[in-house]
Structure formats: structure tokens, C-alpha cells
Amino acid sequence: MAKTTTEVVVMCGGMGRRMGRLAVKYGCKSLIPIEGHVAVEYILRVLKSFEFKKIFLCVDRNELASKIEAIAHVVGLRGVETFKDKGFGTINVLYELQGAISAGQILILFGHHLVSPSHILKVLSLRKSSSNLAVSLYKTSSDDLRKITALGQNFECKYLERGTEKN
């Protein structure tokens with residue numbers, strides 16, 4: 001794949017309401033195994049097929065950092081930095097990362113939402129061709145995640161739209 005100046009933020013530490021016992025058992029949604037591999041490993045393997053400028057692995061608890069870093073090491077990712085957020089939630093991590101992000105384009109992924117390389121290409125091409133924002137969510141995404149915001153200059157979040165059951 002072609003080298004890109006895009007930076008990636010992977011949120012990989014949430015507990016979630018719907019995964020309940022499994023998230024508690026494995027420590028977070030991103031560490032739940034699927035066919036013998038934890039969810040975040042699938043995401044990281046897809047990211048490896050690209051040459052992103054930097055990949056930030058955001059964890060919300062110190063005890064998860066070493067586990068997530070070990071997976072990134074096994075996958076063989078380069079340009080990875082673990083970022084321990086201050087516990088204010090996923091959207092707030094963008095504020096916390098503002099001093100570290102230097103790219104004009106940011107791809108935000110969740111460590112438990114499996115995506116394919118073709119999906120990543122599609123999202124990146126949508127962003128380049130027509131819009132300041134490309135959003136990819138599952139129909140079952142929780143209401144909190146369906147609040148669509150855009151990042152403006154200086155990383156301020158601008159509310160755009162709240163998703164519904166149909167979008």
C-alpha cells in the first residue's frame with residue numbers, strides 16, 4: 001500500500017455495556033478473543049498493510065497498556081505510540097492528543113470494531129474526495145458513539161449530528 005501522512009488513533013480499552021461479562025473477563029472489549037486472536041490484533045494487522053505516519057494506541061487503564069503493546073509488537077507494527085488517556089472518555093482523548101498529532105488527516109478506530117483493508121481505503125478516499133469528515137459506524141453502535149462530531153482547528157469538537165436507529 002502507498003505511504004500516507006494520515007495518523008491513526010485506536011481506542012483500545014473500553015469496557016462497554018453490551019459485552020459486559022466478556023469485557024470484565026478479558027479486561028476490555030479490545031482483548032476479547034475471536035477465533036483465537038484478540039479483537040485489536042485484527043485491527044492492527046489491517047493497519048500494518050498501510051504505511052501510516054503514526055499509530056496511537058489509546059488505553060484508559062495502565063494494566064492494559066503492556067498487553068496492547070505486546071500485541072502491536074507481535075504484529076510487527078512500526079510508528080506506534082501507546083497513549084494512556086486521563087480517563088475522560090473516548091472523544092476527550094482527541095483533546096489530550098492534540099500536542100502529539102501532527103497530521104492533517106486522522107483516522108479514528110475502535111479496537112473491537114473489525115474492519116477490512118478495503119474499508120479503510122474507502123474511508124480514506126471519501127475523506128480526500130468530498131468531505132471534511134468520514135464516519136463509519138455499525139447499526140448497533142451505542143447511542144453515545146453515534147454522536148457525530150468534527151474536529152476543527154486547534155482540535156475543538158464541533159457537534160454535527162446525532163445518529164438515529166436508521167443512520
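Here's a quick rundown of the structure. (Residues numbered from 1 in each chain as written. Predicted model: local features only at pLDDT ≥ 70, side-chain atom pairs only at ≥ 80, totals over all residues. Heavy atoms only, no water.)

Section: unusual backbone geometry
In this structure, Glu35 is a non-glycine residue whose phi angle is positive, near 55 degrees. Residue placement: Glu35 occurs in the loop between strand S2 (33–34) and strand S3 (37–38). (Helix = DSSP H or I, 4+ residues; strand = E, 2+ residues; numbered from the N terminus.)

Quick look at the environment of Val46
As for its placement among the helices and strands, Val46 is situated in helix H2 (residues 39–48). On the basis of relative accessibility, which here comes to 11%, the residue Val46 falls in the buried class. Each C-alpha atom, one on Val46 and one on Ile120, is 8.5 Å from the other, the two residues being 74 residues apart in sequence. Look past the residues within four positions of Val46 in its chain and what remains in contact with it is Val115, Ser116, Pro117 and Ile120. (Buried < 20%, exposed > 50% of the residue type's maximum accessible area, 1.4 Å probe, protein only. Contact = heavy atoms within 4.5 Å.)

Side note on the packing of H2 against helix H3 (residues 62–75)
For the pair H2 and H3, interaxial distance at closest approach is 10 Å and the crossing angle is 40 degrees. When the axes of H2 and H3 are compared, the pair comes out oblique. Two packed elements cross with a definite hand, and for H2 against H3 that hand is right-handed. Where H2 approaches H3, its residues Val40, Glu41, Leu44, Arg45 and Lys48 are matched on the opposing element by Ile68, Ile71, Ala72, Val74 and Val75. Grouping the amino acids of the contact of H2 with H3 by side-chain chemistry returns seven nonpolar, no polar and three charged. (Axes fitted to C-alpha atoms, helices over the stretch in contact; angles between N-to-C directions. Parallel < 35°, antiparallel > 145°, perpendicular 65-115°, else oblique. Left-handed = near helix turned anticlockwise from the far one by under 90°. Nonpolar A, V, L, I, M, F, W, Y, C, P; charged D, E, K, R; others polar.)

Looking at the sheet that holds strand S5 (residues 80–84)
One open sheet holds the four strands; their spatial order is S5-S4-S1-S6, and the pairing between them is parallel. Single-partner strands in this sheet number two, and they are S5 and strand S6 (106–110). Ignoring which end each strand starts from, the neighbouring axes of this sheet average 20 degrees apart. When strand S1 (residues 7–11) meets S6, the two strands line up parallel, connected through five bridges. Opposite Val8, over in S6, you have Leu107 as the bridge partner. The strands that H2 touches are S1, strand S4 (54–59) and S6; relative to S1, the one it contacts most, it runs at about 175 degrees. (Pairing = 2+ DSSP bridges.)

A few points about the side chain of Ser30
Among the structural elements, Ser30 can be located in the loop between helix H1 (20–26) and S2. Setting aside residues up to four positions removed in sequence, Ser30 forms contacts with Met11, Cys12, Gly13, Val38, Ala39, Val40, Gly111 and His112.

As for the nonpolar core
Generally speaking, nonpolar side chains in soluble globular proteins are found buried as a group. Formed by 28 residues in total, the largest nonpolar core has its most connected members in Val10, Leu44, Leu47 and Phe52. Where this core is concerned, the elements lending two or more residues are S1, H2, S4, H3, S6 and helix H5 (117–129). Per-element accounting of this core gives the leading share, six residues, to H3. Counting residues in hydrophobic clusters, the runner-up holds 10 residues, among them Val9, Met11, Phe83 and Phe110. (Core = buried A, V, L, I, M, F, W, Y, C linked by side-chain atoms within 4.5 Å.)

In short, the description is geometric, and any link to function would need to be established separately.
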